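Spelled out, the chains give:
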2 protein chains.
Amino acid sequence: MRSGQVTIKDIAKELGISASTVSRALKDHPDISSKTKVAVNELAKKWNYRPNAVALSLRHSKSNIIGVIIPEIVHHFFSSVISGIEEIAYKAGYNVMMFQSNESYEREIANVQALLSSRVDGVLVSMSKETKDFSHFKELRDNGIPIVFFDRICNELSSDNVIVDDFAGAFAAVDHLINIGCKRIAHLSAPQHMLLGQNRQKGYRQALIKHKIAIDEDLIIKCDNYEEAMLKTPELLKLSSPPDAIFAVNELTAAGALLAVKKVGFRVPEDISIVGFTDGLVSRVTDPNLTTLEQHGFEVGLKATELLVDRIKDGEMDYEPVTRVVKTNLIVRGSTREK
Amino acid sequence: MRSGQVTIKDIAKELGISASTVSRALKDHPDISSKTKVAVNELAKKWNYRPNAVALSLRHSKSNIIGVIIPEIVHHFFSSVISGIEEIAYKAGYNVMMFQSNESYEREIANVQALLSSRVDGVLVSMSKETKDFSHFKELRDNGIPIVFFDRICNELSSDNVIVDDFAGAFAAVDHLINIGCKRIAHLSAPQHMLLGQNRQKGYRQALIKHKIAIDEDLIIKCDNYEEAMLKTPELLKLSSPPDAIFAVNELTAAGALLAVKKVGFRVPEDISIVGFTDGLVSRVTDPNLTTLEQHGFEVGLKATELLVDRIKDGEMDYEPVTRVVKTNLIVRGSTREK
DNA sequence: ATATTAATTTCAAACGTTTGCGGTGACGAT
DNA sequence: ATCGTCACCGCAAACGTTTGAAATTAATAT
């Protein structure tokens, strides 16, 4: 019995021919007689020969591996992105090596080093919240490994990016609320050091400006998770002139606000309309279902990987960076209604 | 400028010494003079030398890669598992190569072949729903690659498994329902060719038997997703003696049943109590929140990977397979209440 | 001066595959 | 006989690294 998997050498030895002949026979090279080809292919099938990708990587200096670094996997948007990545990678013949940074800068660096050691052909990154220095990404590029950033991008590094159109999405959400008759719209927003939080708030403001509605800073509060929403929403409702709509920066926050509003005794959507962001399962199981912005994580994954694969195939490292924007779209459900 | 990344040869050439000396210097081998060591290490750091993992894999016939095949990533339970996998793999110095089968048998086979080609050191698998033939998994084992199955396991193949205690979980859920006074408990179940479906139904039956409640087969229907629950729940409620509780095989089905029940006009939990399985976000945002069984996906990932890493390190392929069980626990929320 | 030992370093093979080039043998043409 | 032309196949190097064994150098002992 052989130990380990079957190699070309094993086949060559068994057939009394050289390894190079086996290699050529397997690729249907014209130099090889059909008799030999048949013999080789039969034995290869019988023995379940599988080419050793490691040896091929070494030979060709090409691993056919795409590296992915993501802040955390347990998150509907990110897992959707990974799904899209895996899909394109599979079709294009690449394998996916996956790392999560857990929002830690240290770990992100360790991940990049593993990627460098593994000689991956390209990298997809969504940065950790902690990351403020980008030299580890530069090192990747200095070594000829193309990178595409997605969602959490890096403006200091001129690089390929794929992002969600947060501004337009937020604008559409608030525009919708105004069009159905809402006049005092609160915004539960994300921290402003994140581009995402900035852009969504800008969209909110721009929609109000378009409709000539005065911006009331008291209606904009930092609140970006479920628990916080349960806590802070009641206070919003106690204002002397309470809001008649809430635009939440993400889905879970919207769900928290929804529950809080109902608990206080207001009806949704009759008294208060609510819109969230990101279309996960949550929006579809609340009562009523949440109007929300589909964020197309899957498509972000697809686009980013398509772009990366192009860069890899191209082989050139002095390209003009591109930023692709994935549009969001508003899904109107039970939590908003014409007043 | 060198093309590609720095190698030991580059360092050797620059310093006018042999590659083997560089290799030994980097590993602090006693044969090498400290002067040489210093020179090598300085240059290695200056040039950002990173060992080529591909060459190491080939040399040592060990890739330090763990392969993962999962039915779909966009799923709270599975992404939790992956997170656990990645955590242990990172700590143990392994990289994770990830594939999703998309519940397709064909694709699962393709994934296994990619894993074989990549010469991964071990594999973690949760099978696709379609899979009924297991020869591709046998091939992995025949080639000395240990496998640990998780959640969707395979009883025909005697193998290492990490599973959730579906039986005990289901039993606990139904026991709880009976204890709060429910008498006619319906079960929305998964297909019975899946072990998971079987075990959860067994737990359901056992709890009824324990409490000497007759089993009514009309109350057990195959129904394991949101849409189906919306469709079939109303029919259940039209029975001459309708159920006063529903035990759903998973979270989304429970959420669908909840919405359907409310739509028909029954109240939850006053008229009908509902329990789900898996503790994702969904259970926490429905109205009322769902009583459910926490499934500890992260822990499943941890345990499975720990087991796999042990098997890899051990190196022996004729081990006695082990099945580790991760306990569930019941989280009582608003959808069930004392009657 | 010569043998012995120790301290460093280099050589070469190996992991599995590909690939340019050279080689062999057969066959027909001159 | 000699040459050319095919058809077919093997050699050897290369990818980057490790590692047993051999080689070199220097220092010590006789």
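Residues numbered from 1 in each chain as written. Chains lettered and ligands numbered in written order. Predicted model: local features only at pLDDT ≥ 70, side-chain atom pairs only at ≥ 80, totals over all residues. Heavy atoms only, no water.

Caption draft 1: Summary view of the side chain of A:Thr292. Residues and elements named next belong to chain A. Looking at where Thr-292 falls in the secondary structure, it is placed in strand β10 (residues 292-294). A polar contact of 3.3 Å, which involves the side chain of Thr-292, links it to the backbone nitrogen of Phe-277. In contact with Thr-292, not counting residues within four places along its chain, are Val-275, Gly-276, Phe-277, Thr-278, Asp-279, Ser-283, Asn-329, Leu-330, Ile-331 and Arg-333. (Helix = DSSP H or I, 4+ residues; strand = E, 2+ residues; numbered from the N terminus. Polar contact = N/O pair within 3.5 Å; in protein donor to acceptor, adjacent residues only side chain to side chain. Contact = heavy atoms within 4.5 Å.)

Caption draft 2: Geometry of the interface of chain A and chain B. Each partner contributes residues to the interface: chain A has 54 residues there, and chain B has 54 residues. Summed over both partners, the interface of chain A with chain B comes to about 5000 Å²; 56% of that surface belongs to carbon and sulfur atoms. Among the residues of chain A in contact with chain B, A:Gln5, A:Arg119 and A:Val285 are the three that bury the most area, contributing 14% of the side total. Put simply, chain A and chain B have eight salt bridges between them. Its salt-bridge partner being B:Asp287, residue A:Lys262 comes within 2.4 Å of it at the nearest N-O pair. For the interface between chain A and chain B, the tally reads 27 residue pairs in polar contact (both at pLDDT 80 or more). Secondary structure elements with two or more residues in the side of chain A that touches chain B: α4 (53-60), α5 (76-92), β2 (95-100), α6 (105-117), α11 (251-264) and α12 (282-285) of chain A. Looking at the side of chain A that touches chain B, the element that brings in the most residues is α5(A), giving eight residues. (Buried area = accessible area lost by both parts, 1.4 Å probe. Salt bridge = Lys/Arg side-chain N within 4 Å of Asp/Glu carboxyl O.)

Caption draft 3: A look at the domain arrangement of chain A. All names here are of chain A. Looking at chain A, the domain boundaries give domain 1 (8-51), domain 2 (63-164 + 298-326) and domain 3 (166-295). The centre of domain 2, based on its C-alpha atoms, is set 31 Å off from the matching centre of domain 3. Each partner contributes residues to the interface: domain 2 has nine residues there, and domain 3 has nine residues. Taken together, both faces of the contact between domain 2 and domain 3 bury some 740 Å²; the carbon and sulfur share is 60%. On the surface where domain 2 and domain 3 come into contact, there are zero salt bridges. Connecting domain 2 to domain 3 are one residue pair in polar contact (both at pLDDT 80 or more). Counted by class, the side of domain 2 that touches domain 3 contains four nonpolar, two polar and three charged residues. (Domains from an automatic or database assignment. Nonpolar A, V, L, I, M, F, W, Y, C, P; charged D, E, K, R; others polar.)

Caption draft 4: Inspection of the protein's contact with DNA strand D at higher detail. In the vicinity of DNA strand D there are 25 residues, among which A:Thr21, B:Ile8, B:Ser23, B:Tyr49 and B:Arg59 approach most closely. Among the atoms of DNA strand D lying within 4 Å of the protein, the sugar-phosphate backbone contributes 58%. Between A:Ser20 and DNA strand D, the recorded distance is 3.0 Å, taken from a side-chain N or O atom to a base nitrogen. Backbone polar atom of A:Arg59 to a base oxygen of DNA strand D: 3.3 Å apart, as the coordinates give it. Contributing elements (two or more residues each) for the surface near DNA strand D: α2 (19-26) and α4 of chain A together with α1 (8-15), α2 (19-26) and α4 (53-60) of chain B. Considering every element that reaches the surface near DNA strand D, the biggest residue donor is α4(B), with four residues. A breakdown of the residues in the surface near DNA strand D according to their chemical character gives eight nonpolar, 10 polar and seven charged. (Near = heavy atom within 4 Å.)

Caption draft 5: Expanded view of the nonpolar core. By size, the foremost hydrophobic cluster in this structure holds 130 residues, and its most contacted members are A:Phe150, A:Ile185, A:Phe247, B:Phe150, B:Ile185 and B:Phe247. A:Leu116, B:Val112, B:Phe134 and B:Leu140 belong to the second largest nonpolar core, which has 43 residues in total. (Core = buried A, V, L, I, M, F, W, Y, C linked by side-chain atoms within 4.5 Å. Buried < 20%, exposed > 50% of the residue type's maximum accessible area, 1.4 Å probe, protein only.)

Caption draft 6: Representation of the packing of α2(B) against helix α3 (residues 34-46) of chain B within the structure. Residue and element names in this part refer to chain B. Packing of α2 against α3 leaves a shortest axis separation of 9 Å and a crossing angle of 85°. By the angle class used here, α2 and α3 are roughly perpendicular. Across the interface between the two elements, Thr-21, Val-22, Ala-25 and Leu-26 from α2 touch Thr-36, Lys-37, Val-40, Asn-41 and Ala-44 from α3. The class makeup of the residues in the contact of α2 with α3 is five nonpolar, three polar and one charged. (Axes fitted to C-alpha atoms, helices over the stretch in contact; angles between N-to-C directions. Parallel < 35°, antiparallel > 145°, perpendicular 65-115°, else oblique.)

Caption draft 7: Spatial organisation of the packing of aromatic side chains. Going through the model one piece at a time under the given rule, you end up with seven aromatic pairs over all chains. Summarising the aromatic geometry, the rings of A:Phe167 and A:Phe171 are spaced 6.4 Å apart at their centres and angled 25° between planes, so their arrangement reads as stacked. One end of the pair is A:Phe167 and the other is A:Phe171, both in helix α8 (residues 166-179) and four residues apart, which spans about a single turn. Look at A:Phe171 and you get partly exposed, because its relative accessible area is 21%. Sitting above the plane of the A:Tyr90 ring, B:Arg107 keeps its charged end 3.9 Å from the centroid. One cation-aromatic arrangement involves B:Arg311 over B:Tyr319; the distance from NZ or CZ to the ring centre is 3.9 Å. (Phe/Tyr/Trp six-rings, centres within 6.5 Å; stacked < 30°, edge-to-face > 60°. Lys NZ or Arg CZ within 6 Å of the ring centre and 35° of its normal.)

Caption draft 8: Structural view of the sheet that holds strand β8 (residues 245-248) of chain B. All names here are of chain B. Strand order in the open sheet made by the four strands is β7-β6-β8-β9, with parallel pairing throughout. Unpaired on one side and paired on the other, β7 (220-222) and β9 (273-275) mark the two borders of the sheet. On average, adjacent strands in this sheet sit at an angle of 15° to one another, irrespective of strand direction. Note: strand β6 (residues 185-189) against β8, four bridges, orientation parallel. Across the sheet, the residue bridging to Ile-185 is Ala-245, located in β8. Along the sheet, helix α8 (residues 166-179) makes contact with β6, β8 and β9, crossing β8 at roughly 170°. Its contacts with the sheet put helix α11 (residues 251-264) on β6, β8 and β9, and the angle it makes with β9 is roughly 165°. (Pairing = 2+ DSSP bridges.)

Caption draft 9: Fine view of the packing of helix α10 (residues 226-237) of chain A against α11(A). Residue and element names in this part refer to chain A. It is at 8 Å that the axes of α10 and α11 come closest, and there the two elements cross at 45°. Looking at the two axes, α10 sits oblique to α11. Classified by chirality, the crossing of α11 by α10 is right-handed. Contact residues: α10 offers Tyr-226, Ala-229, Met-230, Thr-233, Pro-234 and Leu-237, while α11 offers Leu-252, Thr-253, Ala-255, Gly-256, Ala-257, Leu-259, Ala-260, Val-261, Lys-263 and Val-264. (Left-handed = near helix turned anticlockwise from the far one by under 90°.)

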